[in-house]
Amino acid sequence: MFRTTEMVINMGPQHPSTHGVLRLLLRLDGETVVDSKPVIGYLHRGIEKLSESKTYVQITPLTDRLDYVASFSENLGYIGAVEKLLGIEVPPRANYIRVILAELQRIASHLVWLATHALDIGAMSVFLYCFREREEILDLFESFCGARLTYNAVRIGGLYQDLPEGWVEECRKFCELFPSRMKEYEDLLTINRIWLQRTIGIGVISAEDAINMGLSGPMLRGSGVKWDIRKAYPYATYRDFDFDVPIGKNGDTYDRYLIRLEEMRQSRRIILQALDHLPDGEIRAKVPRRIKPPKGEAYHSVEGPRGEMGFYLISDGSEKPYRVRFRSPNFVNLQSLPRLVEGHLVADIVAIIGTLDVVLGCVDR
Amino acid sequence: MLKNLLISVGIPAVQGVAVLLIVLLIVAYLTLLERKVIAFMQVRLGPRRVGPHGLLQPIADVIKLLIKEDITPKNADKFVFALAPILAVFPAIAAFAVIPFAGQPVEIFGIKIRPYLSDVNVGLLYLLAISSLGVFGIVLGGWASNSKYPMLGGLRSAAQMVSYEVPLGFSIIGVLMISQTASMVGIVEAQKNLGFWFFIPQIVGLFIYFVSGVAETNRTPFDLPEAENELVAGFHTEYSGMKFAFFFLAEYINMIVVGAIVTTLFLGGWLPPTSVFQRWIPFLGTVTPSLENFFPFLGPFGSMTTGIFWFATKTFFIIYLYLWLRATFPRYRYDRLMALGWKWLIPLSIVNVLATGAVIILLKSF
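Attention here is on the structure that accompanies the text. The structure presented is a predicted model; accordingly, all values stated were derived computationally and were not measured. (Residues numbered from 1 in each chain as written. Chains lettered and ligands numbered in written order. Predicted model: local features only at pLDDT ≥ 70, side-chain atom pairs only at ≥ 80, totals over all residues. Heavy atoms only, no water.)

1. Let's talk about the overall build of chain A
Defined as follows: By the criteria applied, helices consist of DSSP H or I runs no shorter than four residues and strands consist of E runs no shorter than two, each listed in order from the N terminus. Atoms counted for the radius of gyration: C-alpha only. Globule rule: 2.2 Å times residue count to the power 0.38. Residues are treated as being in contact if the distance between any of their heavy atoms lies within 4.5 Å. Here the open area of atoms and residues is found with the Shrake-Rupley method and a 1.4 Å probe, where only the protein chains shown may cover a residue. As used throughout, the charge tally considers Lys and Arg to be positive and Asp and Glu to be negative, leaving His and the chain termini uncounted. A charge is said to be at NZ when it belongs to Lys, at CZ for Arg, at CG for Asp and at CD for Glu.
In terms of regular secondary structure, chain A is built from 15 helices and eight strands. A compact globule built from 365 residues should have a C-alpha radius of gyration of about 21 Å, and chain A, at 21 Å, falls within 12% of that. A principal-axis box enclosing the C-alpha atoms of chain A has dimensions of 75 × 45 × 35 Å. Residue pairs at least 24 apart in sequence account for 72% of intrachain contacts in chain A once pairs closer than 6 positions are excluded. Accessible surface, chain A as shown: approximately 14300 Å² in total, 52% of it carbon and sulfur. Separation of charge centres in chain A, based on 46 positive and 48 negative side chains, amounts to 5 Å.

Shown next as structure tokens:
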């Protein structure tokens, strides 16, 4: 018979489709993946350790840089943990605005995912369409807090400032426009034969395996597990809103694609409800000038665009936390990669990395 | 003696150089067109900085490619590495030898000048033979780079060529059967004489030819040999400067060649659009002469330029389809592409040949 030789190939860290600095060590038989090993750490900045030398307030901008595609959600999660330590009650208006911004952030993050995922599979137009809509969301963020990527807008006990004048109308305008834009993406992809062939049955993971690996977010819900922190442990004011948690059946790339699209629709639904019932009042609770939480520990998690973002803090009663630990959904989801790509082709690897929606900044903390 | 030498060597040489220069100019501006058209579809502007509306961008690109450092990897096979881009470009340009741009010859000082380089009776066969040589450049380029991604790209290209050359060949047999000639000029004249363009009876053939043509030229959604998102840049990962430009050139020339062949075989070459329906709508007969010659006062020269105009318009339409496809479709997966070629296009093209034969026999027997 023919003798075949396996080839070891380095995909990344500087590869157009490894979403940052992921290095994937592949063993290929022809173009079929025999084995793969993700190598991480190229972006490591030691944020957790660094945080132990900062005050609670000083840590907030560091959390922006963890998952730089969803920095508002990171802010929200971290501040939530500090508020738990301090036992602070946040005013309702601030909580509503937090929800609006967190959901806008989810849409923006999913747009980056859809853009890059489609680009990985070769659909370039979708990439640019998604960035067009993301720009509008970034404009909203910019007019709220002046930043377009790392917002640093959540404060302990509330928010940096109230929404500027006209912001609510602009946000509503975006929400009205968004469904027609989503139709454009769907026209190009959802029933496109090539897209279906590239995503259905690719990177399948069962519900049981997904739970065992600790996956969360759309990666977990794609396999049919109905688990969403916003429903399971509602934070901010998620209890007040009516929204669905979409789940998949087959746990493949296509299911996860549909889920994220539906999540964008649901986020829009939440934003509109929050805008309709936005209460008046304070946007910041009374917070002591020097923040020194009592001795103790707190874990707070939020449903980020990529899954459960957890923040664990131990306080020794001083101004600085004794121990800081982040639970990154990217890091946990990434461990499923070798299993997902095994037996697939090189072309599928990029589709699978795309469906994981990894942000390496959050993997290499 | 001198006149004979001029007719047999001088004029073809001048024509050849003219065609080459024009093709190079078109390729340069095709890159701009592609960027502009795709930018339009993707709601952005495209190049605008160099010259008015970015019109000088292609010239800036050429200058950039010329002065860029030309790197050869240390462990590459240097000779083959340098040869491969030339091997890719040469067959692409050579294909223009048999493409008729218009029908009417022009007489200047008693010397007949035809609007094509040559009209050989095996023109179509020559095209098939020469166009399949281009893949050597890609495969050798991938291999000579001594790098893994280019190697994968080169192998993909070879497999792709094998899968698509067969349906490509079969798809044009229907045209051969109807026109009863393999001369490119003859095929267009057959369409004129029969009163219909061959895309009408050979719509399946046209579809198969176009799909295979896109696959042969490695364009989206079949751009697997370079597949930027999978293989970084595939076979030309290690190439830079002018060597890279040569691969680029070959790809774009091949696009024009496919457009020109589709035009000649299926869309009536230089014939005006009214010629499709003239047989059935007699009124069009009165319009046709003016569409066949926009400048009657120039005589045969006017007719030739009009022919070239129609030919270029149709070719441009096919090239536009290429760009449209690129802005619309995701990329095929390697094995799906092979499956499409072997399981669908080849059987379909064979059925098309059999059906065409059956219809011809039926029509002849009545």
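Structure shown, so let's carry the discussion forward.
2. Examining the pairing of strand β2 (residues 23–29) of chain A
All names here are of chain A. Counted only if it meets this: Per-residue accessibility, obtained with a 1.4 Å probe over protein chains only, is compared with the maximum for each type, and a residue is labelled buried under 20%, exposed over 50%, and partly exposed between these values. A pair of strands counts as paired when DSSP detects no fewer than two bridges linking them.
Covered by surrounding structure in β2 are L24, L26 and L28 only, the residues R23, L25, R27 and D29 on the alternate face being uncovered. Here five bridges tie strand β1 (residues 7–11) to β2, and the two strands are oriented antiparallel to one another. In the sheet register, V8 faces β2, and the bridge partner there is R27. Inspection of the sheet shows β2 paired to strand β3 (residues 32–39) by seven bridges, in the antiparallel sense. Within β3, the position partnered with L26 by the bridge is S36. Hairpin connection between β2 and β3: a loop of two residues separates the two successive antiparallel strands, and G30 in this loop has a positive phi of roughly 70 degrees.

3. A closer look at the layout of surface pockets
Residues and elements named next belong to chain B. The condition that has to hold: Within this scheme a cavity is a closed region of a 1 Å grid, computed over the protein atoms alone, that accommodates a 1.4 Å probe without allowing it to escape, whereas a pocket is open but has protein on both sides within 12 Å along at least five of seven lines; lining residues each have an atom within 4 Å of a point. Grid points are joined across faces, edges and corners, and a volume is the space filled by probe spheres set on the points. Polar here means any residue other than Ala, Val, Leu, Ile, Met, Phe, Trp, Tyr, Cys and Pro, which are nonpolar, and Asp, Glu, Lys and Arg, which are charged; Gly is therefore polar.
Approximately 670 Å³ is the volume found for the second largest pocket. Around the second largest pocket, the lining is made up of 27 residues, and of these I22, I26, F101, I308 and A312 lie nearest the centre. Where the lining of the second largest pocket is concerned, the elements lending two or more residues are α1 (2–41), α11 (241–266) and α13 (300–328). Top contributing element to the lining of the second largest pocket by residue count: α1, with ten residues. The class makeup of the residues in the lining of the second largest pocket is 23 nonpolar, three polar and one charged.

4. A few points about a nonpolar patch on the surface
Residue and element names in this part refer to chain B. We apply this condition: Surface patches are drawn from residues lacking salt bridges whose relative accessible area is over 30%; two like charges belong together within 9 Å, two nonpolar side chains (Val, Leu, Ile, Met, Phe, Trp, Tyr) within 5 Å. Salt bridges are identified by distance alone: a Lys or Arg side-chain nitrogen within 4 Å of an Asp or Glu carboxyl oxygen.
Together, L56, I59, V62, I63, L66, I67 and M242 give the surface a local cluster of nonpolar side chains, amounting to about 640 Å² of exposed area. It is helix α2 (residues 57–67) that contributes the most residues to the nonpolar patch, five residues altogether. Within the secondary structure, V62 is located in helix α2.

5. Brief notes about the interface of chain B and chain A
For the record, the criterion: Accessible surface is computed with a 1.4 Å probe, and the buried area is the amount of it that two parts give up when combined, taken over both parts together.
Tallying the contact residues gives 25 residues for chain B and 35 residues for chain A. Regarding the contact of chain B and chain A, the summed buried area is about 2600 Å², with carbon and sulfur atoms giving 58% of it. Ranking the residues of chain B by area buried against chain A places N229, P330 and R333 of chain B at the top, with a combined share of 25%. Connecting chain B to chain A are two salt bridges. Residue composition of the side of chain B that touches chain A, grouped by class: twelve nonpolar, three polar and ten charged.

6. Overview of the packing of α1 of chain B against α2 of chain B
Residues and elements named next belong to chain B. As a reminder of what qualifies: To get an axis, a line is fitted to the C-alpha atoms, and for a helix only the part in contact is used. The angle between two axes follows their N-to-C directions and goes from 0 to 180 degrees. Helix crossings get a hand from a simple test, with the near helix turned counterclockwise from the far one by less than a right angle marking a left-handed crossing and a clockwise turn marking a right-handed one.
Remark: α1 packs on α2, axes separated minimally by 8 Å, with the N-to-C direction vectors making an angle of 115 degrees. For the crossing formed where α1 meets α2, the hand is right-handed. Side by side, α1 and α2 meet where A28, Y29, T31, L32 and R35 of the first sit next to Q57, P58, I59 and D61 of the second. The residue inventory of the contact of α1 with α2, partitioned by class, reads five nonpolar, two polar and two charged.

7. Observations regarding the side chain of S223 of chain A
Residue and element names in this part refer to chain A. Structurally, S223 is set in the loop between α9 (218–221) and α10 (229–232). Exposure remark for S223: the relative accessible area of 7% places this residue in the buried category. Excluding residues that lie within four positions of it along the chain, S223 makes contacts with I205, S206, A207, A210, G248 and G251.

8. Overview of unusual backbone geometry
Notably, N152 of chain A is not glycine yet its phi reads approximately 50 degrees, a positive angle. Secondary-structure assignment places N152 of chain A in the loop between α5 (124–145) and β4 (154–155). In this structure N152 of chain A comes out as partly exposed when scored by relative accessible area, which is 24%. With a phi angle near 55 degrees, V43 of chain B is a residue other than glycine that sits in the positive phi range. Locating V43 of chain B in the fold gives a position in the loop between α1 and α2. Overall, V43 of chain B belongs to the exposed group, its relative accessible area being 52%.

9. Considerations on the nonpolar core
Cut-off, in case you're wondering: Nonpolar cores are built from buried Ala, Val, Leu, Ile, Met, Phe, Trp, Tyr and Cys residues. Side-chain atoms within 4.5 Å join them into one set.
Ranked by internal contacts, the top residues of the largest apolar core, which has 86 residues, are F72, I100, L104, L114, W167 and L189 of chain A. Sort the elements by how many residues they give to this core and helix α4 (residues 92–120) of chain A lands first, with 15 residues. Non-local contacts of L114 of chain A, meaning those with residues more than four positions away in its chain, are made with V126, C130, Y185, L189, Y257, L261 and M264 of chain A. A92, Y252, A260 and F266 of chain B belong to the second largest nonpolar core, which has 85 residues in total.

10. Examining the pairing of strand β8 (residues 321–327) of chain A
Residues and elements named next belong to chain A. Here strand β7 (residues 307–315) pairs with β8 via six bridges, running antiparallel. Its bridge partner being in β8, F311 is matched across the sheet by F326. Turn length for the β7-β8 hairpin, with the two strands adjacent in sequence and antiparallel, is five residues, and the turn residue G317 shows positive phi of about 90 degrees.

11. A look at helix α4 (residues 123–131) of chain B
Residues and elements named next belong to chain B. The criterion, for reference: Comment: arc refers to directions from the helix axis out to C-beta atoms.
Buried residues of α4: G123, L124, L127 and I130, and no others. Down the axis, α4 shows its buried residues gathered within 135 degrees of arc, on one side only. Summarising the contacts, the buried residues of α4 are in contact with α3 (78–94), α5 (134–144), α7 (173–179), α8 (184–194) and α11.

12. Concerning the packing of aromatic side chains
The condition that has to hold: In summary, the pairing rule links any two rings of Phe, Tyr or Trp, Trp by its six-membered ring, whose centres are within 6.5 Å, and it sorts them by plane angle into stacked for under 30 degrees, edge-to-face for over 60 and tilted for everything else. By definition here, charges over rings are those cases where NZ of Lys or CZ of Arg is within 6 Å of the ring centre and within 35 degrees of the ring normal.
Using the criterion set out here, one finds 27 aromatic pairs over all chains in the structure. Ring geometry for W197 of chain B against F199 of chain B: centres 6.3 Å apart, planes inclined by 65 degrees, an arrangement best described as edge-to-face. Assessed through its relative accessible area of 26%, F199 of chain B is described here as partly exposed. What links up through ring pairs into an aromatic cluster is the set W113, W195, Y254 and Y257 of chain A. Taking the ring centre of F243 of chain A as reference, the NZ or CZ of K231 of chain A above it sits at 4.2 Å. Residue placement shows R365 of chain A over the ring face of F331 of chain A; its charged tip is 5.5 Å from the ring centre.

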